[in-house]
Amino acid sequence: MKGIVFNLLESFVCEGWGEDVYEEILDRCPLHTQEPFVGPGTYPDADLVSIASATAKHLGLSLPDALRAFGAYCLPHLVGSVPDLVGDMDTPEKLLLAVDGVIHVEVRKLFPKAHPPQFAVRINPDRTLHLEYRSERKLCAFLEGLFDGLGDHFDRDIRAEKHACMHDGSDHCAYTLQVSARAVESKAPTASAGAGLG
Ligand code: HEM
């Protein structure tokens, strides 16, 4: 996995819980990598899983829940890292439809040795999206966090219904994604609202 993802995991922990906590977590991980993680570098996936597992333990979360929170954290940073590429993608649907054929294609050019996952995304007749994810890393919990982050980034609700999972023996994870406008929180009328009407 590319160093950029390790760097994001470090900032996720440092911003949320402090640098000391990150150092404690690293101390507990039996890592293959001894040198600092740098963005363009490529490091063993096992090291990322090791740091994510120790982070989950520290936070009292399951590994999938920690990966999901990390995915939500990553989305705006990933989008912000390629502004020229995603500038005119102004909806979650446009970004998701472009992730395999445009965004990760560019990622492979920008980061030699990157091995991003495969996506097949199509629009269903009812305007929901059908998305299939394939990766030997089986990081569907991280992907589900990216969906959460996409919703926040575009101020939309994204409901992801999962139909198949690689962790249950399928060769891919499949989702139906429903994107909708976020409900505006309506304020309960106050006692003064009717003042002056008699
Ligand atoms: C918008 C800009 C994006 C950038 C710059 C970006 C970049 C990257 C990079 C550098 C990696 C690591 C690949 C490696 O180390 O081999 C990665 C992994 C990944 N990306 Fe993206 N990505 C973006 C958007 C997205 C979106 C929108 C999705 C799906 C909603 C997505 C899903 C994933 C997943 C699930 C992984 C984890 C690796 C795996 O499952 O094998 N990415 N991405």
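Let me sum up the structure you'll find in this document. Residue indices follow the written sequence of each chain, beginning from 1 at its first position. Local features are withheld for residues below a pLDDT of 70 in this predicted model, meaning they are given only at 70 or higher, and side-chain atom pairs are given and counted only at 80 or more; totals for whole chains, interfaces and linings count all residues. To obtain the side-chain values, all non-hydrogen atoms of the structure were included, while hydrogens and water were left out.

A run of H or I in DSSP becomes a helix once it reaches four residues, and a run of E becomes a strand once it reaches two; helices and strands are each numbered from the N terminus. Note that His-172 resides in the loop between strand S3 (156–164) and strand S4 (173–181). Think of it in three bands: with a 1.4 Å probe and only protein chains considered, a residue is buried below 20% of the maximum accessible area for its type, exposed above 50%, and partly exposed in between. Its relative accessible area of 15% is what places His-172 among the buried residues. Within 3.5 Å is the distance limit for a polar contact, defined as a pair of N or O atoms, with the added protein rule that one can donate a hydrogen and the other accept it, and that residues adjacent in sequence qualify only through two side-chain atoms. For His-172, the side chain forms a polar contact with the side chain of Asp-171, separated by 2.7 Å. Contacts between residues were defined by any pair of non-hydrogen atoms, one from each residue, lying within 4.5 Å. With sequence-adjacent residues up to four places away left out, His-172 is seen in contact with Glu-132, Tyr-133, Arg-134, Ala-164, Cys-165 and Met-166.

What follows concerns the site of the ligand. Here a residue is considered near a molecule or strand provided that any single heavy atom belonging to it is located within 4 Å of it. Among the 26 residues in the neighbourhood of the ligand, the closest are listed as Lys-2, His-104, His-115, Tyr-133 and Ser-135. Ser-135 is positioned with one of its side-chain polar atoms (N or O) 2.6 Å from an oxygen atom of the ligand. With respect to the ligand, the side chain of Arg-137 contributes an N or O atom lying 2.8 Å from an oxygen atom. The pocket and cavity definitions rest on a 1 Å grid over protein atoms only: a 1.4 Å probe that fits but cannot leave marks a cavity, an open set with protein on both sides within 12 Å along at least five of seven lines marks a pocket, and residues lining either have an atom within 4 Å of a point. By definition, a pocket or cavity contains a molecule when more than half of the molecule's atoms lie within 2 Å of the pocket's grid points. For the ligand, the cavity whose grid points lie within 2 Å of the majority of its atoms is the largest cavity. With six residues, the top contributor of residues to the shell around the ligand is helix H6 (residues 92–110). All amino acids are sorted into three groups, where Ala, Val, Leu, Ile, Met, Phe, Trp, Tyr, Cys and Pro are nonpolar, Asp, Glu, Lys and Arg are charged, and the leftover types, Gly among them, are polar. Here the residues of the shell around the ligand are counted per class, giving 20 nonpolar, four polar and two charged. A domain-level breakdown of the shell around the ligand finds at least three residues from each of domain 1 (1–60) and domain 2 (68–184). Where each domain begins and ends is defined by an automated method or by a domain database.

From the geometry alone we can't say anything about function, so treat these as descriptive.
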